[in-house]
Amino acid sequence: NQGDRSRLEFSEDSAQGDYSLYFRDVSGNSTNISRSLDDSQMSKFSFWYKYRSSYNNNFRMFLEDSSGNRVVVFQEANSAIRYWDPQKEGEFIKNTEIAQANQDTWYRVVAEEIDYSNNTISISVYSAEGNLVNSVQNVGFWNESDNISKITINNGLGSDGDPDPLWIDHI
């Protein structure tokens, strides 16, 4: 929904199935894609990702509510998958590490126990072999909400905005 579509392609390099969505390594502004969801009271969410970074131009995945507020934000930065930590709101670095992530390696991020009454979520990161890398429990929502109705992926947030190669699979 923003940026040049020529930056996106399907790749046969995938964690599940035959293809993944590949964000190409090209210069220019970041690339955003989004999708509205049918099930606004989702109780579980997961995605596979793999990246290669030469600029540390990380990606972010936003889970948003029907009002456009960010409820949960995942971010790759400094070789780790992270979440936006509501206890760090207002700080320059507002994320907290969940697990270290090697380049050119598939990882599965699983968000479970989405609790809209307490506005919390538990997040686990698994290797491609299914081994738990690390997890965090009862993380607070970035913004309180009673639904998640949209997913947005932004690739290329670091210096100069040039996207690093990124593969997203099996959301």
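See above for the structure.
Computed from a predicted model, the values in this text were never measured in an experiment.

Colleague: Explain the sheet that holds strand 13 (residues 166-169) to me, please; I cannot follow it from the model alone.
Modeller: Hydrogen bonding along the main chain pairs the strands of a sheet, whether they run parallel or antiparallel. A sheet is described by the order of its strands in space; here seven strands give the open sequence 1-2-13-4-9-10-11, paired in antiparallel fashion. Looking along the sheet, the strands with just one partner apiece sit at the ends: strand 1 (8-11) and strand 11 (132-140). Direction aside, neighbouring strands of the sheet carry axes that sit 25 degrees apart on average. Two elements, strand 4 (residues 45-51) and strand 13, share four bridges in a ladder whose sense is antiparallel. Within the sheet, the bridge partner assigned to Trp48 lies in strand 13 and is Asp169.

Colleague: In this structure, what is going on with the nonpolar core? I would like to understand it.
Modeller: Of all hydrophobic cores here, the largest spans 33 residues; its most connected members are Phe45, Phe47, Tyr49, Phe74 and Ile168. Beyond its immediate chain neighbours, meaning those up to four positions away, Phe74 contacts Phe45, Phe47, Phe59, Arg60, Met61, Leu63, Arg82, Val109, Ala111 and Ile123.

Colleague: Help me understand the packing of aromatic side chains in this model?
Modeller: What characterises a pair of aromatic rings is the spacing of the ring centres plus the angle enclosed by the ring planes. This model, assessed by the stated rule, comprises nine aromatic pairs. Taking the centre distance of 6.1 Å and the plane angle of 50 degrees together, the rings of Phe45 and Phe47 count as tilted. Of the two residues, Phe45 and Phe47, neither departs from the other in class, the shared state being buried. Ring centres of Tyr49 and Tyr51 lie 6.3 Å apart, and the angle between their planes is 20 degrees; on these two criteria the pair is classed as stacked. Accessibility classification places Tyr49 together with Tyr51 in one group, the buried group.

Colleague: Explain the pattern of salt bridges to me, please; I cannot follow it from the model alone.
Modeller: Opposite charge on two side chains makes pairing possible when the charged atoms of those side chains draw close. Going through the model one piece at a time under the given rule, you end up with four salt bridges. With a closest N to O distance of 3.8 Å, Lys44 and Glu112 form a salt bridge. Separated by 68 residues along the polypeptide, Lys44 in the loop between strand 3 (31-36) and strand 4 and Glu112 in strand 9 (residues 107-115) bring together distant segments of the chain. What makes Glu112 partly exposed here is its relative accessible area of 26%. Two residues, Arg82 and Glu97, come together in a salt bridge whose shortest N-O distance is 3.8 Å. Here the residue Arg82 occupies a position in strand 7 (residues 80-84), and Glu97 occupies one in strand 8 (residues 95-100), the gap between them amounting to 15 residues. For Arg82, a relative accessible area of 12% gives the class buried.

Colleague: What is the right way to read unusual backbone geometry from this model?
Modeller: Among all residues except glycine, the phi angle is most often negative; among peptide bonds, the trans geometry is most common. Of note in the backbone geometry, Asn78 takes a positive phi value of approximately 50 degrees without being a glycine. Positionally, Asn78 belongs in the loop between strand 6 (70-77) and strand 7.

Colleague: Would you take a moment to explain the sheet that holds strand 5 (residues 59-64) for this structure?
Modeller: Strand order across the open sheet formed by six strands is 3-12-5-6-7-8, with antiparallel pairing between neighbours. Two strands close off the open sheet at either side, each with one partner strand: strand 3 and strand 8. Put simply, the sheet's adjacent strands are angled 20 degrees from each other on average, direction ignored. Two strands pair when backbone bridges link them, and strand 7 and strand 8 are joined in this way by five bridges, in the antiparallel orientation. The residue of strand 8 that forms the bridge with Tyr83 is Thr96.

Colleague: Where do I start with the side chain of Glu64 in this structure?
Modeller: Along the chain, Glu64 turns up in strand 5. No salt bridge is formed by the buried Glu64; its nearest oppositely charged neighbour, Lys150, is found at 4.0 Å. There is a polar contact of 3.4 Å between the side chain of Glu64 and the side chain of Thr152. Among residues more than four places away in sequence, those in contact with Glu64 are Asn69, Arg70, Val71, Ile148, Ser149, Lys150 and Thr152.

Rules and cut-offs
- Residues numbered from 1 in each chain as written.
- Predicted model: local features only at pLDDT ≥ 70, side-chain atom pairs only at ≥ 80, totals over all residues.
- Heavy atoms only, no water.
- Pairing = 2+ DSSP bridges.
- Helix = DSSP H or I, 4+ residues; strand = E, 2+ residues; numbered from the N terminus.
- Axes fitted to C-alpha atoms, helices over the stretch in contact; angles between N-to-C directions.
- Core = buried A, V, L, I, M, F, W, Y, C linked by side-chain atoms within 4.5 Å.
- Buried < 20%, exposed > 50% of the residue type's maximum accessible area, 1.4 Å probe, protein only.
- Contact = heavy atoms within 4.5 Å.
- Phe/Tyr/Trp six-rings, centres within 6.5 Å; stacked < 30°, edge-to-face > 60°.
- Salt bridge = Lys/Arg side-chain N within 4 Å of Asp/Glu carboxyl O.
- Lys, Arg positive; Asp, Glu negative; His and termini not counted.
- Polar contact = N/O pair within 3.5 Å; in protein donor to acceptor, adjacent residues only side chain to side chain.

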